[in-house]
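# Examining the three-dimensional arrangement
Here is what each chain is made of, one letter per residue.
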Amino acid sequence: MKYNFDEYINRKNTNCVKYDGLKRYFNIEDAKPMWVADMDFKTPNFILEDLKKVLDYEILGYPEVSQEVYSSIISWYEKRHKISNINNDEILLTTGVVTAISACIEALSKENDEVIIQTPVYYPFFSCVQNNNRKLIINPLINEQDYYKIDFKDLEEKITPKTRLLILCSPHNPVGRVWDKEELLQLCKICLKHNIIIISDEIHSDLVFKPFTSILHLEEKYINNCVVLNSPSKTFNIAGLNSSYIIAKNEILKNKISVIIKKREIGNLNLFGLQGIISSYTKGEEWLKMLLFYLNENITIVNQSLNNKCNNITFKIPEATYLLWLNFTKVEDSHKNIFSRLLNKSKLALNDGSTFGKEGEFYFRLNIALSKNELIKSLICLNNEFN
Ligand SMILES: Cc1ncc(COP(=O)(O)O)c(C=O)c1O
């Protein structure tokens, strides 16, 4: 087989936060890490080989950003997302998506302005808003038996003249939704009506099990009211390279963001990060297809295992991401105890759902991007404790 997702790679002592940060984050060393959103699969060889070629330069001086970086992003969007009109000057490179969210908040709003997020959601959304001295407005998602929807009524009720931005997680981490075109349209209409700019974090847009719609697929007036943030880092397992980009088709927004990128000095990607973008987007299509197939199989394994052996833990099959939002409400125990049992009895380190917002109580996020063998071993430990 060309790509072997069954291969086990020992990540301990490789300076990776998922394994080597266990002590710091969980105060434990012998648990199986199934938390941070990177994968236990080997970064594909076509990327590793290109990175080794960078070492062959033998001098690692300041890089020049080549046209290939921009072309690879543009052609990836054309091929994969059928979005064909992106130009070089609409792309801003940044050293991470979270970094970019924070910069966009500074660029597109003022201190004490209100910023909406839709919980439960990726926890840096909270801190990016608060650290920039903006007011956090929570628009919780509607939870219909673990299928989550946007609460448009609540959204409209919470908007005030001070509301400037909405940070959209699209697809959504941790609930695994790929927003439908109709939902996106409704959201965009409300935001445009109230002059609220959408920061659309689309970092999971390639890890989808149904067709993905970006705001960039919608009408021009909505595209002009948003900025899109993305990176190949989740898809191709290169998060450690810290490379990402913003697509801003509205020149006014783009210029404001450029000023902040310069001010914060966050636009200089390193040699490896730049190469990572090129290699991922020019060589990654086939690998991604295989990855999605494997992830889908892993999701089925978890589903069958819990259905058969542990039906008091439930989840909705995700439409995107390799992160499962496990619901423990049927387990008759407190959230704190469940967390402790996961860690100390099952020896599994999952993300604590409550860090994604208060709606995450009794939920824990499971990362299933690992070999089937390892996944099955973890499921046995989970089932033994919670069946
Ligand atoms: C929605 C979302 N945005 C951003 C990131 C992180 O992006 P970066 O590592 O480029 O800051 C993650 C990582 O899990 C994520 O899930």
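Because the structure is a prediction, the values reported are computed rather than measured. (Residues numbered from 1 in each chain as written. Predicted model: local features only at pLDDT ≥ 70, side-chain atom pairs only at ≥ 80, totals over all residues. Heavy atoms only, no water.)

## Quick notes on the packing of aromatic side chains
All told, the structure shown has 20 aromatic pairs when counted by the stated rule. Measuring from centroid to centroid gives 5.6 Å for phenylalanine 5 and tryptophan 287, while their planes differ by 50 degrees, and the two rings are tilted. In this pair, phenylalanine 5 is assigned in the segment before helix H1 (17–20) and tryptophan 287 in helix H13 (residues 285–309), connecting sequence segments 282 residues apart. Tryptophan 287 gets classed as buried once you look at its relative accessible area, which sits at 2%. Look at tryptophan 325 and tyrosine 363: their rings are 5.1 Å apart centre to centre, the planes differ by 15 degrees, and that puts the pair in the stacked class. Taken together, the residues span a long stretch of sequence, with tryptophan 325 in strand E11 (residues 323–327) and tyrosine 363 in strand E14 (residues 363–367) at a distance of 38 residues. The exposure classification of tryptophan 325 matches that of tyrosine 363, with both residues buried. Among the aromatic residues, ring-to-ring pairing joins Phe5, Phe41, Trp76, Tyr77, Phe236, Tyr245, Tyr281, Trp287 and Tyr294 into one connected group. Over the ring of tyrosine 294 we find lysine 372; its NZ or CZ atom is 3.2 Å from the centre of that ring. (Phe/Tyr/Trp six-rings, centres within 6.5 Å; stacked < 30°, edge-to-face > 60°. Helix = DSSP H or I, 4+ residues; strand = E, 2+ residues; numbered from the N terminus. Buried < 20%, exposed > 50% of the residue type's maximum accessible area, 1.4 Å probe, protein only. Lys NZ or Arg CZ within 6 Å of the ring centre and 35° of its normal.)

## Details of the pairing of strand E2 (residues 91–94)
Side-chain direction in a regular strand flips from residue to residue, so the side chains alternate between the two faces of the sheet. By the alternation rule, side chains of E2 split into Ile91 and Leu93 and Leu92 and Thr94, which are all buried. Two elements, E2 and strand E10 (residues 244–247), share four bridges in a ladder whose sense is antiparallel. Looking at E10, one finds that threonine 94 is bridged to serine 244. (Pairing = 2+ DSSP bridges.)

## Thoughts on the packing of H13 against helix H15 (residues 372–386)
Angle between the axes and distance between the axes are the two parameters that describe a pair of packed helices. Their axes nearest at 11 Å, the elements H13 and H15 cross at an angle of 20 degrees. Classified by the angle their axes make, H13 and H15 are roughly parallel. Two packed elements cross with a definite hand, and for H13 against H15 that hand is right-handed. Residue-level contacts link Tyr294, Glu297, Asn298, Ile301, Val302, Ser305, Leu306 and Lys309 of H13 to Lys372, Leu375, Ile376, Leu379, Leu382 and Asn383 of H15. Grouping the constituent residues of the contact of H13 with H15 by class yields eight nonpolar, three polar and three charged. (Axes fitted to C-alpha atoms, helices over the stretch in contact; angles between N-to-C directions. Parallel < 35°, antiparallel > 145°, perpendicular 65-115°, else oblique. Left-handed = near helix turned anticlockwise from the far one by under 90°. Contact = heavy atoms within 4.5 Å. Nonpolar A, V, L, I, M, F, W, Y, C, P; charged D, E, K, R; others polar.)

## What to know about the domain arrangement of the chain
Each assigned domain of the chain is listed with its residue range as follows: domain 1 (17–43 + 285–386) and domain 2 (50–283). Computed from C-alpha coordinates alone, the two centres of domain 1 and domain 2 are separated by 26 Å. Counting residues at the interface gives 31 residues for domain 1 and 36 residues for domain 2. Carbon and sulfur atoms make up 59% of the surface buried where domain 1 meets domain 2, a total of about 3,000 Å² over both sides. Among the residues of domain 1 in contact with domain 2, Glu285, Glu319 and Phe356 are the three that bury the most area, contributing 25% of the side total. Linking domain 1 with domain 2 are three salt bridges, by the criterion used here. Among the salt bridges present, the one from lysine 79 reaches glutamate 285, with a minimum N-O distance of 3.7 Å. Here domain 1 is connected to domain 2 by 18 residue pairs in polar contact (both at pLDDT 80 or more). (Domains from an automatic or database assignment. Buried area = accessible area lost by both parts, 1.4 Å probe. Salt bridge = Lys/Arg side-chain N within 4 Å of Asp/Glu carboxyl O. Polar contact = N/O pair within 3.5 Å; in protein donor to acceptor, adjacent residues only side chain to side chain.)

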